[in-house]
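Structural features, examined
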Amino acid sequence: RHASTVAAHARAWGLVPEGGGKERRAPAAAGGAGSLLGSIFYMCDQAGIFFKVVVGQPRDALGMHQMALNCAVAEWGLEHRNVAACYGNIGNVYLAQGDSDNALVQLQKALQIQLRVLG
């Protein structure tokens, strides 16, 4: 059950443009003024990746990804690919920690949003 959801999640991510699409870039980097909340989302998202991949601190990574999720929901609402990306990142942290039950829940949320938003 877990393996099939993770595999489906991975296939769905193939639908997202390389780099996560323009909405995952910092608004200033995209050449626009952007919103403060969007910038905070981006910083938390990147910090979460840094803590998980570079520093190897999944607990800090989880906190950053949860902050990014809060910002993404406030900025774009629940049905947005950045929200799906946050759930996916949170699921991946849980997976790295060996918590497959919580990983499955988060990855399923990500997949469901991706399927609705991206088709």
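These remarks concern the structure in this document. (Residues numbered from 1 in each chain as written. Predicted model: local features only at pLDDT ≥ 70, side-chain atom pairs only at ≥ 80, totals over all residues. Heavy atoms only, no water.)

Let's talk about the packing of helix 2 (residues 36-55) against helix 4 (residues 81-96)
The following threshold applies: Angles here are taken between N-to-C directions and fall from 0 to 180 degrees, while the axes themselves are lines fitted to C-alpha atoms, restricted in helices to the stretch in contact. In this description a helix means any DSSP run of H or I spanning at least four residues, a strand means any run of E spanning at least two, and both kinds are numbered starting from the N terminus. Convention used here: angles under 35 degrees read as roughly parallel, angles over 145 as roughly antiparallel, angles from 65 to 115 as roughly perpendicular, and any remaining angle as oblique. Crossing handedness follows the turn of the near helix against the far one: under a right angle anticlockwise gives a left-handed crossing, and clockwise gives a right-handed one. Any two residues whose heavy atoms approach within 4.5 Å at even a single point are treated as in contact. Under the grouping applied here, Gly and all other residues not named as nonpolar or charged are polar, the nonpolar ones being Ala, Val, Leu, Ile, Met, Phe, Trp, Tyr, Cys and Pro and the charged ones Asp, Glu, Lys and Arg.
Where helix 2 contacts helix 4, the two axes come as close as 11 Å, and the packing angle between them is 20 degrees. When the axis of helix 2 is compared with that of helix 4, the two are roughly parallel. Like other packed secondary-structure pairs, helix 2 and helix 4 cross with a definite hand, here left-handed. Touching Phe41, Asp45 and Lys52 of helix 2 are Asn82, Cys86, Asn89, Asn92, Val93 and Ala96, all from helix 4. Taken together, the residues of the contact of helix 2 with helix 4 sort by class into four nonpolar, three polar and two charged.

Notes on the packing of helix 4 against helix 5 (residues 100-118)
Packing of helix 4 against helix 5 brings their axes to within 8 Å, and their N-to-C directions diverge by 160 degrees. One way to sum up the angle between helix 4 and helix 5 is to call them roughly antiparallel. Where helix 4 crosses over helix 5, the two elements pack in a sense that is left-handed. Side by side, helix 4 and helix 5 meet where Arg81, Val83, Ala84, Tyr87, Gly88, Ile90, Gly91, Asn92, Tyr94 and Leu95 of the first sit next to Asn102, Ala103, Gln106, Leu107, Lys109, Ala110, Ile113, Gln114, Val117 and Leu118 of the second. Residues belonging to the contact of helix 4 with helix 5 are distributed by class as follows: twelve nonpolar, six polar and two charged.

As for the side chain of Asp45
We count it as follows: Burial classification: accessible surface area is computed with a 1.4 Å probe over protein chains only, and a residue below 20% of its type maximum counts as buried, one above 50% as exposed, and the rest as partly exposed.
By the secondary structure assignment, Asp45 is in helix 2. By relative accessible area, which is 0% here, Asp45 ends up buried.

Side note on the nonpolar core
What counts, and what does not: Side-chain atoms within 4.5 Å are what join buried Ala, Val, Leu, Ile, Met, Phe, Trp, Tyr and Cys residues into a set we call a nonpolar core.
Residues Phe41, Leu69, Val83, Cys86 and Tyr87 are the most contacted members of the largest nonpolar core, which totals 18 residues. Every element with two or more residues in this core is listed here: helix 2, helix 3 (58-76), helix 4 and helix 5. Residues contacting Cys86, with those up to four places away along its chain left out, are Phe41, His65, Ala68, Leu69 and Ala72.

Structural notes on the environment of Ala72
Note on placement: Ala72 falls in helix 3. Separated by 27 residues in sequence, Ala72 and Asp45 place their C-alpha atoms 9.8 Å apart.

Notes on the pattern of salt bridges
To keep it simple, the criterion reads: Each reported salt bridge corresponds to a side-chain nitrogen of Lys or Arg within 4 Å of a carboxyl oxygen of Asp or Glu.
Throughout the structure, instances matching the rule amount to one salt bridge. With a shortest N-O distance of 2.8 Å, Arg116 and Glu79 are connected by a salt bridge. Taken together, the positions of Arg116 in helix 5 and Glu79 in the loop between helix 3 and helix 4 put the pair 37 residues apart, joining distant regions of the chain. Under the relative-accessibility criterion, Glu79 is labelled partly exposed at 43%.

A look at helix 2
Selection rule: To estimate the expected span of a helix, subtract one from its residue number and multiply by 1.5 Å.
Here helix 2 spans 26 Å end to end across 20 residues, near enough to the 28 Å set by a 1.5 Å rise per residue. Here helix 2 has its buried residues at Gly38, Phe41, Cys44, Asp45, Ala47 and Gly48. Among the structural elements, helix 3 and helix 4 are those in contact with the buried residues of helix 2. Note on helix 2: the residue one or two positions beyond its end, Gly56, has a positive phi of about 75 degrees.

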